[in-house]
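# Residue-level structural notes
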Amino acid sequence: MTTAEVFSSPVAATGAVAFLGKEGAYWRLRIKGAALIMVTLGIYRFWLATDVRRFLWSNTEIAGETLEYNGLATELLVGFLLAIAIVVPLYTAFAIAALADTVALASVALGFLLVALLGEFALYRARRYRLTRTVFRGVRFDQHGSAWNYALRALAWWAVVILTLGLAYPWAQASLQRFKMRNTSYGDLPGAFDGSGSALFVRGLPIWLLVVGPLVTAIVALSVLIDWDALNAIIARGDADATAEIMGIIGYRGFGIGLAAVGTSLGAAVLLYPLFQAVMLRWWISGLRFGAVTVASRLRTAQVYRVYLRFIFYVLLFVLLALFVGIACLFVIDALLRPAHDANLAELAASAMTVCLYVVVALGASTIYQVVVTAAMWRLGTQSAELSGAQALESVRAEGMPVSALGEGLADALGVGGI
Amino acid sequence: MTFASYYVMPSGPASYFDGTGSARHDVLVQAAARELRIIGADRRVLDEWSYADLRRMSAPDGVLRLGRSGETLLARLEVRDRTLAAAIEDRAVTLDRGGAAERALRRKVVGLSLAAAASLIVTAIVGVPALTSRLIPLVPLAVELKLGNAVDKQIRSALDARHLGAAFACGNGPGKTAGREALQKLVGRLAAAAALPFHLHVDVVRRGEPNAFALPGGHIYVYKGLIDKAQSPDELAGVLAHEIGHVAHRDGTRTVLQTAGLSFLFGMMLGDFVGGGAVVIAAKTVLRSSYSRRVEAAADAYSVGLMGKVGGDPRALGVMLARIVSDKDEGMKILLDHPETKDRISAINAVAIAGVTTPLLAAADWSALKQICAPRAADGTAAKTGQAAKAADQGVPPQR
């Protein structure tokens, strides 16, 4: 091949985003990882997380080039150990405070707040780690901004969301995404977020009305129907046999209303959850900005419903299989141990098998979720995205340095991790 | 560069990112003897990468993405041409063709994790009990007393399901002095022989189950159900001696230390994965039960010794145990916090010398002690101390 041939091949600089990964390869990665996690009592999770990110990142093609994840599993392990060094004394302090009975309630509330704050802090710092390990066209992403600032904002927004029964959720999301994205950059290309809370509110209001609406209606209706003073009097008396009296006051109509409301709300939540995910993903992707680069999402809701239906089908299949294997194992153990006449051995084998089966089912269901839902949503999200102004990606200057994985470790220790 | 070497050298197209900016350079790459030569569109050599510095970076299938080690700039070379990629992999050992080195590293991680798990389990079975035994003498008695007082309040209110308050304990009211004195006599004989560093405090409480337990610091609770089941003062004394054994061995403090050690071993370092919580809980339960079985066996042996010292029947504890569990299914053996009763009885009988002994209490004292929780209406003279006491006097039905 001559140099002339090499340099004449034109590459189209379109704004297309694609996902190149094969699901079969991802299944193999996840199943092998789950088995090794089980065997190593969890230590392998740092290597699995790194493999998963390598797979997802390097198969995501943006405007003709793929992303690269260059984080290392050992960095995650070190971050986790560092986090343990912080979290263990903290939990010990809470335990000591909880033992002194005068401050028990206050210390529990304070502890909960502190852990929530630390959790949000960890999420922000973990995002920073992942971004600084994300390379695109030889230039890394970066994130600045104070993680404590973010954590305080997030906590304040959560309080508002709870107080407004979820109605403030769109604005909370918009505000937090704006904070994250304006502190994000690709080289010298500054990130921004252009999604508006009001737009998300309009999209989400029907979902809220169907899920939270029945509960609010029922509470209003019951507050009119029920004689609250009489009920309070009974509860204040603290009698153990008051159940019948309470039933009498609430009445069958009251119970019917309550049950119908909870049923409708739960049913709506299950049926509308994929729609909610679709609305959120579409809104989030369409809001992403890097300098002059804008993103639009053509994600269709039906695609997301298909993802969840497939998940339900796979889980049902898996549980049936696990039940079958479990019963078969019981028969085998019984046949093997019957001649031994050792009750101890039989008990040990049966309990070990029960624990094993539980772990296999839990880990299996989580693996199915990771492949059939999480990875599929990643694929749908990328494939449905379209960049405009992609030529700006060609002239970015490199900036920033990699940071430690403390945030990842904290998120892991507190159980709030992401991808 | 000679004319000949230019054509012998494997070469091919690649994408090159120089790391200072995102611009893509379409380049020609030559795999020279010691380095990769990256040649730009103007035929100029843009960079030369030595094979020793090459690192394989994650990339989709069919792409060899190269970086250099020790670089802060992230210069990348992406080779899609298979022959060129193979030629580069032939020359650069660091690229770990086929991933053998990476697999060996993973195997090491798995192997070391298994070793860590095994050492953890051995430490939990052998190390934690051994460590706690050596730590207990270092825990001051005052700390144990404080611990006992702290749990006493909680345990007492949990047991006192009917909210009887002061009347929950038997033998406090006037008219019950005979029962109380009999109990004191029995406890006094045992305490004198035991010579504990703690002051023993024995309470009989209105619970129907045949049970007794000791708290750290010398507070022993005996249930009314146990006194009802006992047919001789020595049987009651055998159980009391067993509980005194827990006090003497400082088993309350031992349990606290052991539980803390287990939580540290299992809670933080391992098990942080889906379903792992179940493994940790199962392992902790089995281990805690095994610690507890050892502690109970030691208390049984102590009971035999103490009963021998005061001249009681050392086998009475076994007789009492047999009566209590005659109609109970004990459940899964590895989850039992006491050894199986028939094993306990045979262990007791193995060390206890059989022989004729005189009962530890005279017949009159024993019948007074048996009546310690009886309704006060029986003696007719007692003053009522309040509604709660009155409720208690109606006779509390057994809880289970």
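Now for a quick tour of the structure. Since the structure is predicted, the reported quantities are computational estimates derived from the model, not experimental observations.

### So, the state of the cysteines
If you walk through the whole model with that rule in mind, you get one disulfide over all chains. Shown here is the disulfide that connects B:Cys170 with B:Cys373, its sulfur atoms set 1.9 Å apart. Taking the torsion about the sulfur-sulfur bond, which here is approximately 100°, the covalent link between B:Cys170 and B:Cys373 counts as right-handed. Taken together, the positions of B:Cys170 in the loop between α4 (141-159) and α5 (177-194) and B:Cys373 in the loop between α12 (363-370) and α13 (387-393) put the pair 203 residues apart, joining distant regions of the chain. As far as the burial class goes, B:Cys170 and B:Cys373 line up, both buried. No disulfide involves A:Cys329; its sulfur sits 9.1 Å from that of A:Cys356, the nearest cysteine.

### Quick look at the sheet that holds strand β7 (residues 76-79) of chain B
The strands making up a sheet associate through hydrogen bonds between their backbones, and the pairing can be parallel or antiparallel. Residues and elements named next belong to chain B. Pairing within the open sheet is antiparallel, and its seven strands lie in the order β4-β3-β2-β1-β7-β6-β5. Looking at the sheet topology across the chains shown, the edges are occupied by β4 (45-50) and β5 (54-57). Averaged over all adjacent pairs, the angle separating strand axes in this sheet is 35°, with direction ignored. Note: strand β3 (residues 35-39) against β4, five bridges, orientation antiparallel.

### A short note on the environment of A:Pro89
All names here are of chain A. Looking at the element boundaries, Pro89 is found in helix α4 (residues 73-99). Residue Pro89 is classed as partly exposed on the basis of its relative accessible area of 45%. Expressed as a C-alpha distance, the spacing of Pro89 and Ile312, which sit 223 residues apart in the sequence, is 41 Å.

### What to know about the pairing of strand β8 (residues 201-205) of chain B
All names here are of chain B. The element β8 is extensively covered by neighbouring structure, given that four of its five residues are classed as buried. Note that β8 and strand β10 (residues 219-223) share five bridges and pair parallel. In the sheet register, Asp203 faces β10, and the bridge partner there is Tyr221.

### Notes on the pattern of salt bridges
Applying the stated criterion across every chain, the model contains 29 salt bridges over all chains. Salt-bridge contacts for B:Glu48 lead to B:Arg37; the nearest nitrogen and oxygen are separated by 3.4 Å. Separated by eleven residues along the polypeptide, B:Glu48 in strand β4 and B:Arg37 in strand β3 bring together distant segments of the chain. Using a relative accessible area of 40% as the deciding quantity, one classes B:Glu48 as partly exposed. Close ionic contact of B:Glu78 with B:Arg80 constitutes a salt bridge, the shortest N to O distance being 3.8 Å. Judged by its relative accessible area of 4%, B:Glu78 falls in the buried class. Classification of B:Arg80 as partly exposed rests on a relative accessible area of 41%. One salt-bridge network, in which partners are shared between bridges, spans A:Glu68, B:Arg65, B:Arg76, B:Glu78 and B:Arg80.

Criteria and cut-off values
Along each chain, the written sequence defines residue order, and numbers are assigned to residues from 1. Chains carry letters and ligands carry numbers; both start at the beginning, A for chains and 1 for ligands, and go up in the order they are written. Per-residue local features are limited, in this predicted model, to residues with pLDDT of at least 70; the limit for side-chain atom pairs, both in listing and counting, is 80 or more; totals at the level of whole chains, interfaces and linings are taken over all residues. Values reported for side chains reflect all heavy atoms of the structure, with hydrogen atoms and water molecules removed beforehand. Sulfur atoms of two cysteines make up a disulfide when they are within 2.5 Å. In DSSP terms, a helix is any run of H or I states spanning at least four residues, a strand is any run of E spanning at least two, and both are numbered starting from the N terminus. Only protein chains enter the calculation, and the probe is 1.4 Å; a residue is then buried if its accessible area is under 20% of its type maximum, exposed if over 50%, and partly exposed in between. A strand pair is defined by DSSP finding two or more bridges across the two strands. Lines fitted to C-alpha atoms define the axes, with helix axes restricted to the stretch in contact, and inter-axis angles between N-to-C directions lie between 0 and 180 degrees. Put simply, a salt bridge is a Lys or Arg side-chain nitrogen that is within 4 Å of an Asp or Glu carboxyl oxygen.

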